[in-house]
Structures are given as structure tokens and as C-alpha cells.
Amino acid sequence: MKVNEHGLRVEIEAEAWECIHQWAQLAKGEFSCLGVVDDDLYISQVHLLEQESTDVGTEMDPEAIAKLLVRHPEPGKVRAWIHSHGDMKCFWSHTDEDCIEGLANDGFLVSLVVNHAGETRCRVDIFQPVRITIDHVPVVV
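Residues numbered from 1 in each chain as written. Predicted model: local features only at pLDDT ≥ 70, side-chain atom pairs only at ≥ 80, totals over all residues. Heavy atoms only, no water.

Let's talk about the environment of Leu26
Going by this rule: Strands here are runs of E lasting at least two residues and helices are runs of H or I lasting at least four, both read from the DSSP assignment and numbered beginning at the N terminus.
Its location among the elements puts Leu26 in helix H1 (residues 14–26). Counting along the chain gives 105 residues from Leu26 to Arg131, while the straight-line C-alpha distance between them is 35 Å.

Considering the packing of aromatic side chains
We count it as follows: Planes of paired rings set the category: under 30 degrees apart is stacked, over 60 is edge-to-face and the rest tilted, where pairs are Phe, Tyr or Trp rings (Trp by its six-membered ring) whose centres lie within 6.5 Å. Here, a charge over a ring is recorded when the distance from Lys NZ or Arg CZ to the ring centre is within 6 Å and its angle to the ring normal is within 35 degrees.
For the structure on display, the rule yields one aromatic pair. Lying across the ring of Trp92, Arg123 places its NZ or CZ 5.2 Å from the centre.

Side note on the pattern of salt bridges
Applied cut-off: We define a salt bridge as a contact between a side-chain nitrogen of Lys or Arg and a carboxyl oxygen of Asp or Glu at a distance within 4 Å. Exposed residues in this analysis have more than 50% of their type's maximum accessible area, buried residues have under 20%, and partly exposed residues fall in between, with area computed by a 1.4 Å probe over protein chains only.
Counted according to the given criterion, the structure contains 11 salt bridges. Close ionic contact of Glu101 with Arg131 constitutes a salt bridge, the shortest N to O distance being 2.3 Å. Of this pair, Glu101 sits in helix H3 (residues 94–102) while Arg131 sits in the loop between strand S8 (120–126) and strand S9 (132–135), placing them 30 residues apart in sequence. Since its relative accessible area comes to 42%, Glu101 is described here as partly exposed. Look at Arg131 and you get partly exposed, because its relative accessible area is 37%.

Describing the sheet that holds strand S7 (residues 108–114)
We apply this condition: For two strands to count as paired, DSSP must find a minimum of two bridges between them. For this analysis, residues touch if any pair of their heavy atoms sits within 4.5 Å. Axis geometry follows a simple rule: fit a line to the C-alpha atoms, using only the stretch in contact for helices, then measure angles between N-to-C directions, giving values from 0 to 180 degrees.
The strand order across the open sheet formed by eight strands is S9-S8-S7-S6-S2-S3-S1-S10, and the pairing between neighbours is mixed. Strands at the two margins of the open sheet, each flanked by one partner only, are S9 and strand S10 (139–140). Taken together, the five bridges between strand S2 (residues 32–37) and strand S6 (residues 78–84) define a ladder with antiparallel strand orientation. Within S6, the residue paired with Ser32 across the bridge is His83. Along the sheet, H3 contacts S6, S7 and S8; its crossing angle with S6, the most-contacted strand, is approximately 165°.

With respect to the pairing of S7
Let me state the cut-off plainly: A right-handed crossover is one whose linking path, passing over the helix from the first strand to the second, runs clockwise when the strands point away from the viewer.
The element S7 is extensively covered by neighbouring structure, given that seven of its seven residues are classed as buried. Along S7, one buried face is formed by Phe108, Val110, Leu112 and Val114 and the opposite face, lined by Leu109, Ser111 and Val113, is buried too. Bridge count between S6 and S7: five bridges; the pairing is parallel. Bridge pairing in S7 places Ser84 opposite Val114. Each parallel crossover has a hand, and for S6 linked through H3 to S7 it is right-handed.

Right under this line is the structure:
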């Protein structure tokens, strides 16, 4: 993972940022999506997949995830999990923590939670060579 001259921060393509916030506003409850992340923590694309969503949770379809990874030219770069909390605050629930552990890989994962009020919380989890979580990482569009 490369950290730029501004320190640790996640940068995101403006179009991807707009998609995330539109999906959050349109969702009756929560939603989840996956994102493509370069080694310099730049999210270039987001992919909304088939999922089951409620007011307090979301579960992406495993078959839809598999299809994305098979079709993507660089599946190893699908390293962002983005979801919403609807009208709730942005925090890491026990369900969120379980999802992050389920998405563990041989590198890192960027996790982002948004809500209807436009609040955002971001973290970076590093899985190898040691397990580290860095919370409250700034997001720059």
C-alpha cells in the first residue's frame, strides 16, 4: 500500500462518490456495494450488486460477487466494501465487523459507511503481515 505525500487518506473518483450517495438516498433501508481500489487507496469504480436489504442490514448475493470477480480484469483490486446505515449514525456495528472479517484478503480492505444525512466514516484494515485497523481515515473526492 502506498501512502501519498498527504498521509493516509482514501481518494475516490467523483462519479463513484456520486453513485454511493445517490444509492444511499434511494435505498429504503441499507445498501452495500463493492469498489475497485488501487494500491494508493484510490477508489476508481463502485459496483452495486444484487442483494437483500432491510432497514438494519444488507447481504450481497454471493453469486453476484463471484460473477463480478470472474468478469473483472483485476479481481484482486476489488478491495472496498461500501454500505449505508440509512437514517442511523455512521459507526461499525458487530455485523459490519463480521462482514469486514469475511472480506479479509492477503492485503487490505477499505470500508466506508454513509447515511442519509451525508455523514461518512472510513477505515482501512490491513490483514498481512500483521492485522491492523486504522479508523477515521479521511476521504477526499
